[in-house]
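Secondary and tertiary structure notes
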Amino acid sequence: MRRLDTIVSLCKRRGFIFPSSEIYGGLGAAYDYGPLGVELKQNVRDSWWKAMVYRHDNITGVDASILMHSGVWKASGHVDAFHDPLIDDRQSKRRYKADQLIEGHIERLRTKGRNTRADQVHERLIAALYAENLPAALHAIIMDEEIRSPDSGAFDWTDVRQFNLMFETHAGALKEASSTIYLRPETAQGIFVNFHNAKETARLKVPFGIAQVGKAFRNEIVARQFIFRMREFEQMEMQYFVRPGTQMEAYEEWRGRRLQWHVNNGIKPSRLRWHVHEKPAHYADAAVDIQYKFPIGWQEVEGIHSRTDYDLSRHEEYSGKKMEYFDPQTKERFIPYVVETSAGLDRTILMLLCEAYTEEMVKGQRRVVLRFDPAIAPIKAAVFPLVRKHGMPEVARAIADDIASTWNVFYDDRGSIGKRYRRMDEAGTPLCITVDGQTLEDGSVTIRDRDTLAQERIPKNNVFAYIADGLHK
Ligand code: ATP
């Protein structure tokens, strides 16, 4: 497995991802997507949207605003309870999530075969998560277990403190308490407040889903893992509204579908695993994460949560508006239960980059290649004239224009053909099409496959169908 640094440097070099505001020295935990990154992101977003919205006739989409009435966040519980328990290493001045330090300690005990001890600490962690004074309970475990700082190795901790992760701002000219609003920390609430609007206009009947992709903001204190943990990031969320009592069925069903989506995008099943929450969030009766084996260890990419009727009930209570569903067949009224699937778009991108990154030796030369599934590859095909003369550029341009009507294509006539191939390998482009002398004679071109390096000649008129074929495999 590659180190994260290797991925970060490729992303910068090839134009996938740059630090935000780089000419000013960057801004912590904020990143910009470059020419290749924006294409990759768009393709992953589309893949999600198609899998969720287009392939289910009972799921519809919304695009809610980022700024919402502050009552939303009081109702959702975020104003009171969207905290992280944090602890500082006094020596390195680094800040850690206290519960994650303990989880790391438990994993290390298990790797050393000390399973009974690991189970004991695990039980204590669960008790701490439910304790009245959670910071003190977590602190006590760190002290008793003598958990050391992962970076400095020191055992010199501050107390554990709770930090609210929401970004606060003010609407309008006056900066007073009544004007306080928040940048949304999750997209889900934009769906809940549009429950009636979407249901009525799309004429949906339970079970049905509302999907949304959009930005979310969290003032993450521990943020030093590239796009894994950002302060501004994108979520792909779907809330599935079901009849109370049927939520576990829906929960199981969505677990399966969501895992399969990641596999369909090219992630090896052996690098994915389930992680059941020790203490589901305040709103959930069951919660599980899909974790991926990142270079920084097993980490969450998506959560599947059974959120009960918590959110809709709270909005009913706080807004004074009924949040019920009326079943025209049974004439019953009820507040639906909700199963949520919540994936981070940026984390999915990081996972796909880690999975795709390959280094290999080809004829004594090191080759870096991103083996993206063609459907998500930023560039679907590159077209090269072998030389910039004899009418080859014109033929190559015409082929590129034809492809461009449907897919992102890259035309390149500069540098040696070998260099052009290598650049496309690093961009993860599945196919390179070369126009050469023979093309001018018989209308055939060479197609080079990124993964096998095999080259074959096909009629130039078949190029479009060839690319389409690769996308539908
Ligand atoms: P974590 O425990 O890693 O902070 P979380 O459990 O708070 O994540 P959720 O609230 O369940 O995350 O959010 C759903 C998804 O949104 C996560 O699985 C992740 O992919 C993504 N996500 C959450 N926080 C961030 C962040 N700061 N940067 C990038 N993606 C994030």
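A quick note: this is a predicted structure, and the numbers were derived from the prediction, not measured.

Examined against the element boundaries, asparagine 408 turns out to sit in the loop between α13 (392-404) and β20 (409-411). C-alpha of asparagine 408 to C-alpha of tyrosine 466: the two residues are 58 residues apart in sequence and 15 Å apart in space. When residues no more than four places from it in sequence are discounted, the contact partners of asparagine 408 are Glu39, Pro378, Ile379 and Lys380.

Looking now at the pairing of strand β13 (residues 297-308). Pairing of strand β12 (residues 286-294) with β13, which is carried by nine bridges, proceeds in the antiparallel orientation. Looking across to β13, one finds that aspartate 289 is bridged to glycine 303. Relative to strand β16 (residues 337-344), β13 is paired through six bridges, and the arrangement is antiparallel. Its bridge partner being in β16, threonine 308 is matched across the sheet by valine 338.

On to the site of the ligand, then. Surrounding the ligand, one finds 16 residues, the nearest of these being Phe233, Gly303, Ser342, Gly344 and Arg347. Elements supplying a minimum of two residues to the shell around the ligand: β10 (232-242), β13, β16 and α12 (345-356). Here the shell around the ligand takes four residues from β13, the largest share from any one element. For the shell around the ligand, the residue count by class is four nonpolar, four polar and eight charged.

Here three strands make up an open sheet; going across it, the order is β5-β4-β6 and the pairing antiparallel. Every interior strand has two partners, whereas the edge strands, β5 (95-97) and β6 (161-164), have only one. On average, adjacent strands in this sheet sit at an angle of 45° to one another, irrespective of strand direction. Pairing analysis gives four bridges linking strand β4 (residues 83-88) to β6, with the strands arranged antiparallel.

Generally speaking, a soluble globular protein has its nonpolar side chains buried in company with each other. Within the largest apolar cluster, 94 residues are counted, with the highest numbers of intra-cluster contacts made by Ala381, Ala382, Val383 and Ile433. Built from parts of two domains, this core gets at least three residues from each of domain 1 (38-67 + 179-353) and domain 3 (379-472). With near-sequence residues (within four places) excluded, alanine 381 lies in contact with Ile403, Trp407, Val409, Thr429, Leu431, Ile433 and Ile467. Core analysis: the next-biggest nonpolar cluster, separate from the first, contains 15 residues, Ile87, Ala98, Ile102 and Ile142 among them.

So, on to unusual backbone geometry. With an omega of -5°, the peptide bond running from valine 206 to proline 207 counts as cis. Positive phi values are uncommon outside glycine, yet lysine 331 reaches one of about 60°. Mapped onto the elements, lysine 331 comes out in the loop between β14 (325-327) and β15 (332-334).

Another aspect to go through is the environment of lysine 293. Residue position: lysine 293 is located in strand β12. Taking the C-alpha atoms as reference, lysine 293 lies 21 Å from histidine 305; in sequence the two are twelve residues apart. Filtering out sequence-adjacent residues up to four positions away, lysine 293 remains in contact with Arg271 and Trp298.

Glancing now at the packing of helix α5 (residues 98-111) against helix α6 (residues 115-130). Contact geometry of α5 with α6 gives a least axis separation of 8 Å together with a crossing angle of 165°. With respect to α6, the axis of α5 lies roughly antiparallel. The way α5 lies across α6 gives a crossing that is left-handed. Residues Asp99, Ile102, His105, Ile106, Leu109 and Arg110 of α5 pack against Asn115, Arg117, Ala118, Val121, His122, Leu125 and Leu129 of α6. Its residues assigned to classes, the contact of α5 with α6 comprises seven nonpolar, three polar and three charged.

Criteria and thresholds
- Per chain, the residues get numbers from 1 upward, laid out in the order the sequence is written.
- Only residues with pLDDT of at least 70 get local features here, since the model is predicted, and only at 80 or more are side-chain atom pairs given and counted; chain-wide, interface and lining totals rely on the full set of residues.
- Secondary structure counts use DSSP, requiring at least four H or I residues in a row for a helix and at least two E residues in a row for a strand, with both numbered from the N terminus.
- Note on contacts: each residue gets a C-beta atom placed from the backbone, and two residues are in contact if those atoms are within 7 Å.
- When DSSP finds two or more bridges between two strands, those strands count as paired.
- Only the C-beta atom, placed from the backbone, is used; a residue is near a molecule or strand if that atom lies within 6 Å of it.
- Basically, the charged four are Asp, Glu, Lys and Arg, the nonpolar ten are Ala, Val, Leu, Ile, Met, Phe, Trp, Tyr, Cys and Pro, and anything else, Gly included, counts as polar.
- Helix axes are fitted only over the stretch in contact, all axes being lines through C-alpha atoms; the angle between N-to-C directions runs from 0 to 180 degrees.
- When buried Ala, Val, Leu, Ile, Met, Phe, Trp, Tyr and Cys residues are joined through C-beta atoms within 7 Å, the set is termed a nonpolar core.
- Exposure in this text rests on C-beta crowding, where 20 or more other C-beta atoms within 10 Å of a residue's own make it buried, 12 or fewer make it exposed, and counts in between make it partly exposed. The C-beta atoms are placed from the backbone.
- Each domain span listed reflects an automatic or database assignment of domains.
- Roughly parallel means an angle under 35 degrees; roughly antiparallel, over 145; roughly perpendicular, 65 to 115; everything else is oblique.
- Definitions for this section: a left-handed crossing has its near helix turned counterclockwise from the far helix by less than a right angle. A right-handed crossing has that turn clockwise.

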